[in-house]
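Analysis of the macromolecular model
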Amino acid sequence: MTNINPDIEESWKNVLKEEFEKPYFPSLKRFLLEEKKQYKIYPPGPQIFAAFNHTPFHKVKVVILGQDPYHGPGQAHGLCFSVPRGIMAPPSLQNIFREIHNDLNIPIPAHGNLEKWTNQGVLLLNATLTVRANQAGSHQKKGWEIFTDSVIATLSREKSNLVFLLWGNYAQQKTILIDSTKHLLLKSVHPSPLSAARGFFGCKHFSQTNIYLQQNNIEPIDWDLNKS
């Protein structure tokens, strides 16, 4: 983590070049280096930019927005809502799988690794890309949100016919960064157990995403993780 910008995939490095040169980014880097001296930080350094490395800029079709990485041992690997194989799917992810099952009749998978989605163009973006172990929200307002807001605004400006899945109030605050005249915005409550029954279940965002993509001659997403 001594040099964080070269770890990002080349097409993203090109479109975000100016962000790395703004004053907040070296400040964020210094903060992370100090944190790492004192605390365990998730995800591991090489996985901080995993969302970008799995889904190059030119391949993005769908954006799912999360807030913070998971802060428990072994959970975070740089993709929002996703966990590595062998780690139990957290409650929100279990509810996502339940909605996919109800929406598309896809069996609930035995693992929670969403890399198959990212390889098809689903950007799994957390607003904050790092977190201190066992302390949710501990790296908020340190600069990551400036960076990821720029990512969202750049995607909106430079691309067309993307689908943004905005679950919960926090994600929906990003609406102001997205041009809804050329992208599809799908909104619902968050899939967490506290809110999923109030509108996430039954939202049919996964089938709606594929209908929109097909209407715009874009290959739909295979949401079925049982085959990955």
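Presented here is a report on the structure given in the accompanying data block. The structure displayed is predicted, hence computed values, not measured ones.

Conventions and cut-offs
Residues numbered from 1 in each chain as written. Predicted model: local features only at pLDDT ≥ 70, side-chain atom pairs only at ≥ 80, totals over all residues. Heavy atoms only, no water. Helix = DSSP H or I, 4+ residues; strand = E, 2+ residues; numbered from the N terminus. Buried < 20%, exposed > 50% of the residue type's maximum accessible area, 1.4 Å probe, protein only. Pairing = 2+ DSSP bridges. Axes fitted to C-alpha atoms, helices over the stretch in contact; angles between N-to-C directions. Core = buried A, V, L, I, M, F, W, Y, C linked by side-chain atoms within 4.5 Å. Contact = heavy atoms within 4.5 Å.

**A few points about unusual backbone geometry**
The omega torsion of the bond from tyrosine 42 to proline 43 falls at -10°, within 30 degrees of zero and hence cis. Of note, proline 43 is situated in the loop between strand E1 (41-42) and helix H4 (50-54). Here the phi dihedral of asparagine 105 falls at roughly 60°; this positive angle occurs in a residue that is not glycine. With respect to the element layout, asparagine 105 can be found in the loop between helix H5 (91-104) and helix H6 (115-118). Overall, the relative accessible area of 63% leaves asparagine 105 in the exposed class. In this structure, lysine 141 is a non-glycine residue whose phi angle is positive, near 60°. Inspection of the secondary structure assignment puts lysine 141 in the loop between strand E4 (131-132) and helix H7 (144-158).

**Details of the sheet that holds strand E2 (residues 62-66)**
Read across the open sheet, the four strands follow the order E3-E2-E5-E6; overall the sheet is parallel. Looking at the sheet topology across the chains shown, the edges are occupied by strand E3 (122-126) and strand E6 (184-188). Going from strand to strand, the sheet's axes swing by 20° on average, the running direction of each strand aside. Here E2 pairs with strand E5 (residues 163-167) via three bridges, running parallel. Among the inter-strand pairings, valine 63 is bridged to a residue of E5, identified as phenylalanine 164.

**Regarding the nonpolar core**
Soluble, globular proteins show a tendency: their nonpolar side chains are buried together. The biggest cluster of nonpolar side chains holds 66 residues, and the ones touching the most others in it are Trp12, Phe52, Ile64, Trp117, Phe147 and Leu155. The contact partners of tryptophan 12, leaving out residues within four places of it in the chain, are Phe52, Thr55, Pro56, Phe57, Val60, Leu123, Val151 and Leu155.

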